[in-house]
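Listed here are the chains, written in short residue letters.
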Amino acid sequence: MWWDERVAARFRRNLQPTLTYWSVFFSFGLCIAFLGPTLLDLRCQTQSSLSQITWVFFSQQFCLLLGSCLGGVFKRTLAQSLLALFASSLAISLVFAIIPLCHNVVVLAVVMAVAGLAMGCIDTISNMQLVKIYQKDSAIFLQALHFFVGFGALLSPLIADPFLSDTNCILANGTASASSNLPHIRKSLVPHQPGNLSHYDLPMKGMVVTRVSYAFWIMALINLPVPIAVFFLLYKERMVPCLNGSSHPLLSADELALETRPGDKDELSSAGHRPHTAAGHEDLFSCCQSKNFQGASFTYFAVHITGALVLFMTDGIVGEYSGFVYSYAVEEPLAVVHKVAGYLPSLFWGFITLGRLISIPVSYRMKPATMVFINVVGVLITFLLLLLFSSSVVFLFVGTASLGLFLSSAFPSMLAYTEDILHYTG
C-alpha cells in the first residue's frame, strides 16, 4: 500500500466517521454549483426579472458565511457535531425537493438562505472533526474530503443540463429575440458571478414551460443517503436519544482520537502547551479573550495571518475565476465563440477535482508546507503567464487548467500545515 500500516490501521478504526464526513462534503459540492446553470429556469418558475432572481446568489453566499461561523458553536461534543451535520445534510435534500415548489422569488431566496446555512455548518464541522480525529496525519484525509466537494460540484450541473430550457421558458408575445440571447445569458450565470444582465429583456408573464423540477428531485434523491449515513453514525455511537436504551457518555472528538496510535497521547499532552487551551471553549467568543494570547509568540500570530491571507487569495480565486473567465474569453481581443468559451468553467472545475484526487497520495509523501508553497508559486506563475500571453486562446485554456490544478489542494494543505502549529477550535 502507498501509505504505511500505522495510518491504514488508524483509517480502519475510524472508517465509518471518515466516510461519513466525506459524504457530507459531497452534499456541500452538490449544493454549491447547481444555481448558475438553473437560474434562468428558476427565473421563469418564479416569474421574476433577472435582477430579482440574481438576489438568490447573495442569499446563498451570505448565509454560507453565517453558517461557517455558526458551525463553530457545535464543537463541544461529538454528539452536537453529528446532530448538526445530520440536520444540515437533511436540509439540503429538503431544499432540493422544495425548490420546484417555490413560485415566488422571495420564498426561493429564503430557501437558498437555509441551504447556505447548512453548507456553512458542513464546511466548518467536517474539516474540524477530521483534523481532530487524525491530527498530524490529517493531510491525506483532508485532501480526500475536498475531492468530494469538487466531485459534487461537477455532478450537479451534469444532472441539471438535460432539463434546462433551450428557448425562453415563459411563452409570451415577442419572445423570439429573447430566446436568441438565452445561450449567452445562461453561460453568464455561473456560480458566484451573475454579472450585469439587466440589459436583457425577457418576458415575466405568460405560460411557464420548464422541466428543471426533475433535476432538483433527482438531486434530492442522490443526496438522501448522506443524512442516512450520518444517522447511522449517530446510532452507532448511541447518540440518538429516542433509540438509546441507556444513557451513554458523549464522546468528544478528542476522545475519539485517543483510540489511535500510542504517540497520540504525547501529541495531545503537547497540545496543552499551545496558546489556545481547552479552557477557552466556554462560549462562541472565547477565542477572542486576551488570556488565550498571553505568552503567545510572534510566530503564532504570523501563522494565523499568513494562513488567512493565503486562503483569502486562493479560495477567493476558486469562487470567482469560473465566473470571470467566460466573460473574459468572449470579449476582445480573444473573441472566443460563446459555445467554446462555455467549456472554460467546466475545464477549471474539472482540473480542481483532478488535482484534489492526485493530492490524496501526494500529500502522504510530501509535507503540507511544501504543497502550500508549490500551490502559491504555481498560481502566481500561471497568472503571470496569462498576462504575458493574454492574446492567446490556446494558452487561456492551458492556463485555466493549470490554475485549477494548483488551486485544488491549497485549502486542505494549508489546514493540515497550520494544524501542526495551532490548536483548532470551532
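- For the protein chain, the name recorded in an unreviewed UniProt entry is MFD4A protein, with Toxostoma redivivum as its organism.
- What UniProt states about the protein chain under its Sequence similarities (unreviewed entry) heading is, verbatim, "Belongs to the major facilitator superfamily."
- Word for word, the UniProt comment on the protein chain under Subcellular location (unreviewed entry) is "Membrane".

### Some details on the packing of aromatic side chains
- Applying the stated criterion to the full structure yields 18 aromatic pairs.
- Taking 4.9 Å as the distance between ring centres and 45° as the angle between the ring planes, the aromatic pair formed by Tyr321 and Phe348 counts as tilted. With a gap of 27 residues between them, Tyr321 in helix H14 (residues 298-330) and Phe348 in helix H16 (residues 343-365) connect regions that are remote in the sequence. Like Tyr321, the residue Phe348 is buried in the burial classification.
- Considering the side-chain rings of Tyr321 and Phe383, the 6.5 Å spacing of their centres and the 75° angle between planes classify their relative orientation as edge-to-face. With Tyr321 in helix H14 and Phe383 in helix H17 (residues 368-388), this residue pair connects regions lying 62 residues apart in the sequence.
- Overall, the relative accessible area of 6% leaves Tyr321 in the buried class.
- Each residue in the set Phe11, Trp22, Phe26, Tyr134, Phe141, Phe147, Phe148 and Phe151 is aromatic and connected to the rest through ring pairs, giving one cluster.

### Brief notes about the packing of H16 against helix H18 (residues 393-407)
- The geometry of H16 relative to H18 is characterised by a closest axis approach of 7 Å and an angle of 35° between their N-to-C directions. Considering only the axes of H16 and H18, their crossing is right-handed. On the side of H16, the interface is formed by Tyr343, Leu344, Leu347, Phe348, Phe351, Ile352 and Gly355, while H18 contributes Leu396, Phe397, Thr400, Ala401, Leu403, Gly404, Leu405 and Leu407.
- Tallied by class, the residues present in the contact of H16 with H18 amount to 12 nonpolar, three polar and no charged.

### Some remarks on a nonpolar patch on the surface
- On the surface, a cluster of nonpolar side chains totalling about 740 Å² of accessible area is made up of Trp55, Phe58, Phe62, Leu65, Leu66, Leu70, Val73 and Leu117.
- The element that contributes the greatest number of residues to the nonpolar patch is helix H5 (residues 55-71), accounting for six residues.
- Inspection of the secondary structure assignment puts Phe58 in helix H5.
- Here Phe58 falls in the partly exposed class, since its relative accessible area comes to 47%.

### Some thoughts on unusual backbone geometry
- A positive phi angle, near 50°, is found at Gln47, a position not held by glycine.
- Among the structural elements, Gln47 can be located in the loop between helix H3 (35-46) and helix H4 (50-53).
- Unusually for a residue other than glycine, Ala335 sits at a positive phi of about 50°.
- Mapped onto the fold, Ala335 is located in the loop between H14 and helix H15 (338-341).

### A closer look at the confidence of the model for the protein chain
- Per-residue pLDDT for the protein chain has a mean of 77; in total, 73% of the residues score no lower than 70.
- Considering each helix and strand of the protein chain separately, the mean pLDDT is smallest for helix H13 (residues 263-271), with a value of 42, and largest for H18, with 93.
- Low pLDDT (under 50) marks residues 191-195, which in the prediction has 18 contacts with non-local residues, meaning those over four places away or in another chain.
- Low pLDDT, under 50, characterises residues 245-282; the predicted model gives this stretch 71 contacts beyond four residues in sequence or across chains.

### A word on the nonpolar core
- Among the nonpolar cores identified, the biggest contains 93 residues, and Phe34, Phe96 and Ile99 are the most heavily contacted of them.
- Per-element accounting of this core gives the leading share, 15 residues, to helix H7 (residues 105-134).
- Two domains share this core, each providing at least three of its residues, namely domain 1 (3-7 + 11-171 + 207-240) and domain 2 (298-425).
- Apart from the residues lying within four places of it in its own chain, the contact partners of Phe34 are Gln60, Phe96, Ile99, Met112, Ser156, Phe216 and Met219.

### Comments concerning the environment of Gln135
- Examined against the element boundaries, Gln135 turns out to sit in the loop between H7 and helix H8 (138-160).
- The class of Gln135 is buried, set by a relative accessible area of 6%.

### What to know about the environment of Leu158
- Assignment of secondary structure puts Leu158 in helix H8.
- When the C-alpha atoms of Leu158 and Ala215 are compared, they prove to be 9.5 Å apart, with 57 residues separating the residues in sequence.

### Side note on the side chain of Thr314
- Along the polypeptide, Thr314 turns up in helix H14.
- For Thr314, a relative accessible area of 3% translates into the label buried.

### A word on H18
- Its 15 residues give H18 an end-to-end C-alpha distance of 21 Å, which sits within 8% of 21 Å, the value for a rise of 1.5 Å per residue.
- The complete set of buried residues in H18 reads Phe395, Leu396, Gly399, Thr400, Ala401, Leu403, Gly404 and Leu407.
- The opening residue of H18 is Ser392, an N-cap whose side-chain oxygen sits 3.1 Å from the backbone nitrogen of Phe395.

### Focus: the packing of helix H2 (residues 15-32) against helix H11 (residues 225-236)
- One way to put it is that H2 packs onto H11 with a least axis distance of 9 Å and a crossing angle of 155°. By the angle between their axes, H2 is roughly antiparallel relative to H11. Helix-helix and strand crossings are classified by hand; for H2 and H11 the assignment is left-handed. Facing Gln16, Pro17, Thr20, Ser23, Val24 and Ser27 of H2, the residues of H11 in contact are Val226, Ala229, Val230, Phe232, Leu233 and Lys236.

What counts, and where the lines are drawn
Residues numbered from 1 in each chain as written. Predicted model: local features only at pLDDT ≥ 70, side-chain atom pairs only at ≥ 80, totals over all residues. Heavy atoms only, no water. UniProt positions renumbered as here; feature names shortened; annotations may be inferred. Phe/Tyr/Trp six-rings, centres within 6.5 Å; stacked < 30°, edge-to-face > 60°. Helix = DSSP H or I, 4+ residues; strand = E, 2+ residues; numbered from the N terminus. Buried < 20%, exposed > 50% of the residue type's maximum accessible area, 1.4 Å probe, protein only. Axes fitted to C-alpha atoms, helices over the stretch in contact; angles between N-to-C directions. Left-handed = near helix turned anticlockwise from the far one by under 90°. Contact = heavy atoms within 4.5 Å. Nonpolar A, V, L, I, M, F, W, Y, C, P; charged D, E, K, R; others polar. Patch = residues over 30% accessible without salt bridge, like charges linked within 9 Å, V, L, I, M, F, W, Y side chains within 5 Å. Areas by Shrake-Rupley, 256 points an atom, 1.4 Å probe, with all protein chains shown as cover. Salt bridge = Lys/Arg side-chain N within 4 Å of Asp/Glu carboxyl O. pLDDT = per-residue confidence, 0-100. Core = buried A, V, L, I, M, F, W, Y, C linked by side-chain atoms within 4.5 Å. Domains from an automatic or database assignment. Expected span 1.5 Å × (residues − 1). Polar contact = N/O pair within 3.5 Å; in protein donor to acceptor, adjacent residues only side chain to side chain. Parallel < 35°, antiparallel > 145°, perpendicular 65-115°, else oblique.

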